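Observations on chain architecture
Okay, here's what each chain looks like letter by letter:
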Amino acid sequence: MDEIFEKLQAVADRYDELNELISDPDVIADTQKFMKLSKEEGSLRDTVEKYNEYKKINQQISDDEELLREKLDSEMEELTKEELSDSKEQLEKLEQELRVLLLPKDPNDDKNIIMEIHGAAGGDEASLFAADLFEMYSRYAEKQGWTIEVVDRNETEVGGFKEIVLMITGDSVYSKLKYENGAHRVQRVPVTESAGRVHTSTATVGVMPEAEDVDIDLDPKDIRTDVYRSSGAGGQHINKTSSAVRMTHLPTGIVVAMQDQRSQQQNRVKAMQILKSRVYDYYQQKEQSAYNEQRKSKVGTGDRSERIRTYNYPQNRVTDHRIGLTLNKLDRIMNGELDEIIDALVIADQAEKMEQLRNE
């Protein structure tokens, strides 16, 4: 524990330093610096609180062991031994929690997300499955107390989605939904299938942390903006005015088209929000790919084409292929009960990172 103790003391020292810095009037006057330092201070708070608790219990153990070396009456000795046993249990639990808290942090974990769900292989059935995934994530978000806003959608005639883009805001959204990035496969009998044969279709889910101004600063010279007339629902007004917006980030070639909002200004704001997140995600994916070349991560949050999960309707079964988890409760999972899968993925990710630290 000595090596961990040194790391924890370094974290505690940095925490004290940050508290001094964010009380400095010069730092308070610099909004971006203040935000950045406050964010860092907030990210260390849990670790420092647990570390202080650890030190307190460690001291309690030393005091009790010292006490037992003295002559005590039998009742006092029994009570002290009992307290010592409880303290040692607590210390072991805290030590495990502190090891997890010291794992390398994903800087995006506390962020809101932009999620893109696309119907992929399988035509109408893929678009219907994309709609089912949208419902599943909406119900999960509701259970978490998060807010969902549909930013853009491209519906199909059968009631599915070629694509739907959502913004999910709340407490640490990315930390839980980042594992949903990838290809989701469904096996079921389509409504249109008269012979009752099981078909396989796929939908892809993209999860991007919402980019903040401190994360990425896009040069206006790198963005080409075109305006055009919206199509689809909205009546005559929508076709008479050029309210739709298409933004292209020239260095990466990333394009965002937005026509779901009521005015050109609203479409510009939403398009810029998504463009920032896509560009930020693009550069992060490149870094992640380089990182994954060195360490093959099973859980990962990288390649969107990787098949991560199968939803088998005839057998009411869901399988997450990254960790070999199979649950026979598809109906409950599609109703937004994703905690069991997400918790298992978080634990697998933490175990993998611990293993990597031990091998370094």
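Residues numbered from 1 in each chain as written. Predicted model: local features only at pLDDT ≥ 70, side-chain atom pairs only at ≥ 80, totals over all residues. Heavy atoms only, no water.

1. Describing the side chain of His-184
- On the secondary structure map, His-184 appears in strand 4 (residues 182-188).
- Side chain to side chain, His-184 and Tyr-311 meet in a polar contact 2.8 Å long.
- Apart from residues no more than four positions distant in its own chain, His-184 is found in contact with Phe-129, Leu-133, Tyr-137, Ser-201, Thr-202, Ala-203, Val-205, Ile-308, Arg-309 and Tyr-311. (Helix = DSSP H or I, 4+ residues; strand = E, 2+ residues; numbered from the N terminus. Polar contact = N/O pair within 3.5 Å; in protein donor to acceptor, adjacent residues only side chain to side chain. Contact = heavy atoms within 4.5 Å.)

2. Some remarks on the packing of aromatic side chains
- Going through the model one piece at a time under the given rule, you end up with three aromatic pairs.
- Arranged with centres 5.3 Å apart and planes meeting at 65°, the rings of Phe-129 and Tyr-311 form a pair that is edge-to-face. Of this pair, Phe-129 sits in helix 5 (residues 123-144) while Tyr-311 sits in strand 9 (residues 307-312), placing them 182 residues apart in sequence.
- The class for Tyr-311 is buried, based on a relative accessible area of 0%.
- Note on Tyr-140 and Trp-146: the rings are 5.6 Å apart at their centroids and 85° apart in plane angle, and the pair reads as edge-to-face. An identical accessibility class is assigned to Tyr-140 and Trp-146; each is buried. (Phe/Tyr/Trp six-rings, centres within 6.5 Å; stacked < 30°, edge-to-face > 60°. Buried < 20%, exposed > 50% of the residue type's maximum accessible area, 1.4 Å probe, protein only.)

3. Some thoughts on unusual backbone geometry
- The phi angle at Ser-172 is positive, at roughly 50°, despite the residue not being glycine.
- Checked against the element boundaries, Ser-172 lands in the loop between strand 3 (161-169) and helix 6 (173-177).
- According to the relative accessible area criterion, Ser-172 is partly exposed, its value standing at 25%.
- Located in the positive-phi region is Asn-316, a residue other than glycine, with phi close to 50°.

4. Looking at the environment of Ser-62
- Tracing the backbone through its elements, the reader meets Ser-62 in helix 3 (residues 31-68).
- Note on Ser-62: relative accessible area 37%, which makes it partly exposed.

5. Brief notes about the sheet that holds strand 6 (residues 223-228)
- Overall, antiparallel pairing links the three strands, which are arranged 6-7-8 in an open sheet. Only two strands of the sheet have a single neighbouring strand rather than two, namely strand 6 and strand 8 (254-258). Across the sheet, the mean angle separating the axes of adjacent strands is 15° when strand polarity is ignored.
- Inspection of the sheet shows strand 7 (residues 244-249) paired to strand 8 by five bridges, in the antiparallel sense. (Pairing = 2+ DSSP bridges. Axes fitted to C-alpha atoms, helices over the stretch in contact; angles between N-to-C directions.)

6. A look at the pattern of salt bridges
- Overall, the coordinates contain 23 salt bridges when judged by the stated rule.
- Residue Arg-45 pairs with Glu-41 through a salt bridge whose shortest N-O separation is 2.7 Å. Placement of the pair is Arg-45 and Glu-41 together in helix 3, with a separation of four residues, close to one helical turn.
- Note that Arg-188 and Glu-125 form a salt bridge whose closest N and O atoms lie 2.4 Å from each other. Here the residue Arg-188 occupies a position in strand 4, and Glu-125 occupies one in helix 5, the gap between them amounting to 63 residues. (Salt bridge = Lys/Arg side-chain N within 4 Å of Asp/Glu carboxyl O.)

7. A closer look at the sheet that holds strand 5 (residues 199-209)
- Spatial strand order, 2-3-1-5-4-9-10-11: eight strands in an open sheet with mixed pairing. Among the strands making up the open sheet, the edge pair consists of strand 2 (147-155) and strand 11 (325-327). Each strand axis lies, on average, 15° off the axis of its neighbour in the sheet, ignoring direction.
- Taken together, the three bridges between strand 10 (residues 317-320) and strand 11 define a ladder with antiparallel strand orientation. By the bridge assignment for strand 11, Val-318 is matched with Leu-327.

8. Here we look at the nonpolar core
- Counting 35 residues, the largest nonpolar core has Met-115, Ile-117, Leu-133, Tyr-137, Leu-177 and Tyr-311 as its most contacted members.
- Mapped onto this core, the elements with two or more residues apiece are strand 1 (113-119), helix 5, strand 3, helix 6, strand 5, helix 9 (330-334) and helix 10 (339-359).
- Counting residues per element, this core draws most heavily on helix 5, which supplies nine residues.
- Not counting residues up to four positions away in its chain, the partners in contact with Leu-133 are Ile-117, His-184, Ala-203, Val-205 and Tyr-311.
- Membership of the second largest hydrophobic core comes to 16 residues, among which are Met-167, Leu-218, Ile-223 and Met-258. (Core = buried A, V, L, I, M, F, W, Y, C linked by side-chain atoms within 4.5 Å.)

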